[in-house]
Amino acid sequence: MGKNKGKGGKNRRRGKNDNDDERRELIFKEEGQEYAQVLRMLGNGRCESACFDSVKRLCHIRGKLRKKVWVNAGDIVLIGLREYQDEKADIILKYTADEARSLKQYGEIPDTTTIHENAEGGEGEDGEEGVVFEFDDIDEI
């Protein structure tokens, strides 16, 4: 048998809870960037986004975000525009629901934009994903 030289496997990485983005500074768009809302996920790190300059673009999630930040439909993101392809862009940053509300307050994104509350990962208060079931009271026999 070989000697284990690594620091663990998938379960060790899964247990890490890096909250380095706890209260990060709000990042505004610069030249060559635009705000967008993800319309739908296409797979393979790509998604269709409606940019707030009224153009629909095919966006690619950059490698730094790919397996660390989960992008879902309805999320507000910052994209980097491509000079040579106007119909394609790269997702640079995903905004949390609080940051998106702040952007709306500053007038950076339109007031008509709907911000999804479960943008943090889709988990309930118990930490479990899923659907809430409601049952009618059934009388015991």
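Residues numbered from 1 in each chain as written. Predicted model: local features only at pLDDT ≥ 70, side-chain atom pairs only at ≥ 80, totals over all residues. Heavy atoms only, no water.

- For the protein, the name recorded in an unreviewed UniProt entry is S1-like domain-containing protein, with Porphyra umbilicalis as its organism.
- As stated in UniProt under Sequence similarities (unreviewed entry), the record for the protein gives "Belongs to the eIF-1A family."
- Under the Subcellular location (unreviewed entry) heading, UniProt states for the protein: "Plastid, Chloroplast". (UniProt positions renumbered as here; feature names shortened; annotations may be inferred.)

### Observations concerning the sheet that holds strand E3 (residues 56-61)
Okay, step 1: Overall, mixed pairing links the 5 strands, which are arranged E1-E2-E3-E5-E4 in a closed barrel. Going from strand to strand, the sheet's axes swing by 50° on average, the running direction of each strand aside.
Okay, step 2: By the bridge criterion, 5 bridges tie strand E1 (residues 33-43) to strand E4 (residues 76-81) in an arrangement that is antiparallel. Among the inter-strand pairings, tyrosine 35 is bridged to a residue of E4, identified as leucine 78. (Pairing = 2+ DSSP bridges. Helix = DSSP H or I, 4+ residues; strand = E, 2+ residues; numbered from the N terminus. Axes fitted to C-alpha atoms, helices over the stretch in contact; angles between N-to-C directions.)

### Describing the nonpolar core
Okay, step 1: Residues Ala36, Val38, Cys47, Cys51, Cys59, Ile61, Leu65, Val71, Val77, Ile79, Ala89 and Ile91 constitute the largest nonpolar core, which totals 12 residues.
Okay, step 2: Counting residues per element, the ones that place at least two in this core are E1, strand E2 (46-51), E3, E4 and strand E5 (88-94).
Okay, step 3: Setting aside residues no more than four positions away along its own chain, cysteine 51 makes contact with Glu34, Tyr35, Ala36, Arg57 and Ile79.
Okay, step 4: Judged by nonpolar contacts, the second largest core, of 10 residues, contains Leu93, Ala97, Ile109 and Ile115. (Core = buried A, V, L, I, M, F, W, Y, C linked by side-chain atoms within 4.5 Å. Buried < 20%, exposed > 50% of the residue type's maximum accessible area, 1.4 Å probe, protein only. Contact = heavy atoms within 4.5 Å.)

### Some words on the pattern of salt bridges
Okay, step 1: Taken as a whole and judged by the stated rule, the model has 9 salt bridges.
Okay, step 2: In this structure, lysine 94 and aspartate 75 form a salt bridge, with 3.5 Å as the shortest nitrogen-oxygen distance. Here aspartate 75 lies in the loop between E3 and E4 and lysine 94 lies in strand E5, a separation of 19 residues in the sequence.
Okay, step 3: Exposure remark for lysine 94: the relative accessible area of 12% places this residue in the buried category.
Okay, step 4: Between aspartate 98 and arginine 101 there is a salt bridge whose closest N-O contact spans 2.5 Å. Here the residue aspartate 98 and the residue arginine 101 both occupy positions in helix H2 (residues 97-105), the gap between them amounting to 3 residues, near one helical turn.
Okay, step 5: Owing to a relative accessible area of 46%, aspartate 98 belongs among the partly exposed residues under this scheme.
Okay, step 6: For arginine 101, a relative accessible area of 34% translates into the label partly exposed.
Okay, step 7: Bridged by salt links that share partners, the residues Arg40, Glu48 and Lys56 form one connected network. (Salt bridge = Lys/Arg side-chain N within 4 Å of Asp/Glu carboxyl O.)

### Observations regarding the confidence of the model for the protein
Okay, step 1: Averaged over every residue, the pLDDT of the protein is 80; the share at 70 or more is 68%.
Okay, step 2: Every residue in residues 119-128 scores below 50 in pLDDT, and together they form 9 contacts with partners more than four places removed in sequence or on other chains. (pLDDT = per-residue confidence, 0-100.)

### Overview of the packing of aromatic side chains
Both the distance between ring centres and the angle between the ring planes are used here to describe each pair of aromatic rings.
Okay, step 1: All chains considered together, the criterion is met by 2 aromatic pairs.
Okay, step 2: The interplanar angle of 70° and the centroid separation of 5.7 Å between the aromatic rings of phenylalanine 28 and tyrosine 106 together place this pair among those described as edge-to-face. Here tyrosine 106 lies in the segment after H2 and phenylalanine 28 lies in the loop between helix H1 (10-15) and E1, a separation of 78 residues in the sequence.
Okay, step 3: Phenylalanine 28 gets classed as partly exposed once you look at its relative accessible area, which sits at 34%.
Okay, step 4: Judged by centre distance (6.0 Å) and plane angle (50°), the rings of tyrosine 35 and tyrosine 95 are tilted. Here the residue tyrosine 35 occupies a position in strand E1, and tyrosine 95 occupies one in the loop between E5 and H2, the gap between them amounting to 60 residues. Here the two residues tyrosine 35 and tyrosine 95 agree in accessibility, since each one is buried. (Phe/Tyr/Trp six-rings, centres within 6.5 Å; stacked < 30°, edge-to-face > 60°.)

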